[in-house]
Every structure is written in C-alpha cells, then in structure tokens.
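So the chains spell out like this:
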Amino acid sequence: RALASGPGPERFASVQQYMTRIKACAKVGDEQRAEWWLSEMRTAHFEPDLQAYNAVLDACANSDRIGVAERVWAAMKASSLRPDAYSYCSMIRRCQHTRDVKHAEALFSELTATGVRPTQHVYDALLNVCASAGDLRAAETWYHRLTAQGVHLGVTGHNALIVVSAKARNIEKALRWFRSIGEAGLTPD
C-alpha cells in the first residue's frame with residue numbers, strides 16, 4: 001500500500017521515511033512512483049539529497065522509458081547537487097535498454113569533463129551499452145581507449161565484449177575476448 005498510494009493527508013516526519021519508499025520503488029523498477037515520492041518529499045519541505053536523486057535514477061536505469069530519467073537528471077543538475085559516478089552510471093545503464101551508444105558516450109564524456117572519477121561500474125555500463133546495441137566497433141574502441149588510460153576491466157567488461165562479438169557473429173573475436181579474461185588474471189563467471 002505504501003508504494004501504491006501517498007501517505008494521506010499527513011506528511012512523513014523524516015527524510016528517511018521518504019527514502020525508504022523511493023528505494024523500494026527503485027528495487028522493483030517503478031521509476032514513475034519513485035519520482036512521485038521524490039516530489040512528495042519536496043512538498044513536505046525536505047530537500048532531496050544526492051542519495052534520493054540517485055535512488056530514482058537507479059529505478060530509471062532498469063527502464064527503457066526516458067522521460068522520468070531525463071526529468072530527474074535535469075532537476076538534480078538544476079539543484080546545488082553535483083552528479084557523482086553513481087548518478088552517471090545509472091544514466092549510462094539506462095542507455096543499455098534504449099541501445100543508445102551516442103548518449104552513453106556523451107554522458108561518459110560529461111562525467112570526465114566535470115572531474116568525476118569513473119568507477120569500474122561506469123566502465124562496465126558503457127561497454128554493456130555497446131553490447132546491447134550490437135556495436136562491436138564502439139565496444140572495441142572504448143576498450144582500447146580505456147586500457148590505454150590504464151583502466152583494468154573486470155569480468156563484466158570482458159563479458160560485454162564477448163556478447164557484442166557474438167552478436168556480430170564474430171566467434172573468433174568472442175573466443176579471443178574470453179581468453180583475455182584469464183590473461184588479465186580474472187576468473188570467468
């Protein structure tokens with residue numbers, strides 16, 4: 001019931017009560033309800049923090065509907081808050097569902113231009129967008145760009161390269177990427 005409707009005529013007394021609902025919505029991928037709770041939080045005169053925005057963006061990451069993500073992203077950036085690696089990762093992960101490599105690349109470029117340090121999850125998300133789109137050229141370009149910068153990809157990043165190679169029906173490359181997991185000292189999953 002708490003996720004399906006509002007709290008009634010009274011408002012919640014703490015930020016944590018709103019966060020609990022936003023996170024629950026994120027967990028089940030209900031980005032519209034998560035955005036609604038974020039709005040209710042503001043109505044109750046609680047200013048959402050980065051964690052609140054990130055929880056809504058996390059819900060959006062599992063959806064191919066872009067409206068909520070773009071609205072929340074714009075609201076967060078219009079506030080005094082600065083997106084962090086988690087924020088960018090959620091937005092890039094959302095691109096995986098829409099197979100929008102160009103938008104994911106633009107977000108990654110913005111992340112680095114603003115001085116936010118990418119995490120392993122951000123790199124993996126970027127490569128997973130390429131894999132979802134079936135864009136082997138983009139995936140390999142990013143792999144070479146990242147490794148030239150000293151980034152050591154984890155198993156998830158290598159798996160994305162295997163998937164995109166298989167989608168391109170290039171089994172030889174898929175096998176080469178599979179072997180690269182062991183060469184990197186990682187254990188395939």
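Just above sits the structure.
Since the model is a prediction, treat every value here as computed from it, not as a measurement.

So, about helix 10 (residues 171–183). Taking 1.5 Å of rise per residue, 13 residues should cover 18 Å, and helix 10 covers 18 Å from first to last C-alpha, within 8% of that figure. Within the sequence span of helix 10, burial applies to Ala174, Trp177, Ser180 and Ile181. One side of helix 10 holds all its buried residues, which, seen down the axis, span an arc of 115°. Away from its buried face by more than 90 degrees, helix 10 exposes Ile171, Glu172 and Glu183. If you follow the buried residues of helix 10, they end up packed against helix 8 (136–148) and helix 9 (155–167). Taken from the residues just after helix 10, Gly185 is the one with a positive phi, measuring 80°.

When two helices pack together, their arrangement is given by the angle between their axes and by how far apart the axes lie. In contact at an axis separation of 11 Å, helix 4 (residues 67–78) and helix 5 (residues 85–98) are set at 160° when each is read in the N-to-C sense. Compared by their axis directions, helix 4 and helix 5 come out roughly antiparallel. The crossing of helix 4 and helix 5 is left-handed. Counting all contacts with helix 4, which are made through Ala69, Glu70, Trp73 and Met76, the residues of helix 5 involved are Ser87, Tyr88, Met91 and Arg94.

A few words now on the nonpolar core. Among the nonpolar cores identified, the biggest contains 59 residues, and Ile22, Leu38, Val56, Ile92, Phe108 and Leu153 are the most heavily contacted of them. Here this core gets 8 residues from one element, more than from any other, and that element is helix 7 (residues 120–133). Not counting chain neighbours up to four residues away, the residues in contact with Leu153 comprise Gln120, Tyr123, Leu127, Tyr143, Leu146, His158, Leu161 and Leu186.

This part is about the environment of Asp189. You can see Asp189 is positioned in the segment after helix 10. Its relative accessible area of 75% is what places Asp189 among the exposed residues. For the pair Asp189 and Asn159, spaced 30 residues apart in sequence, the C-alpha to C-alpha distance is 8.8 Å. Not counting residues within four places of it along the chain, the set of residues in contact with Asp189 comprises Val155 and Asn159. Within the structure, Asp189 has its side chain in polar contact with the side chain of Asn159 (distance 2.8 Å).

What counts, and at which threshold
- Residues numbered from 1 in each chain as written.
- Predicted model: local features only at pLDDT ≥ 70, side-chain atom pairs only at ≥ 80, totals over all residues.
- Heavy atoms only, no water.
- Helix = DSSP H or I, 4+ residues; strand = E, 2+ residues; numbered from the N terminus.
- Expected span 1.5 Å × (residues − 1).
- Buried < 20%, exposed > 50% of the residue type's maximum accessible area, 1.4 Å probe, protein only.
- Arc of directions from axis to C-beta.
- Contact = heavy atoms within 4.5 Å.
- Axes fitted to C-alpha atoms, helices over the stretch in contact; angles between N-to-C directions.
- Parallel < 35°, antiparallel > 145°, perpendicular 65-115°, else oblique.
- Left-handed = near helix turned anticlockwise from the far one by under 90°.
- Core = buried A, V, L, I, M, F, W, Y, C linked by side-chain atoms within 4.5 Å.
- Polar contact = N/O pair within 3.5 Å; in protein donor to acceptor, adjacent residues only side chain to side chain.

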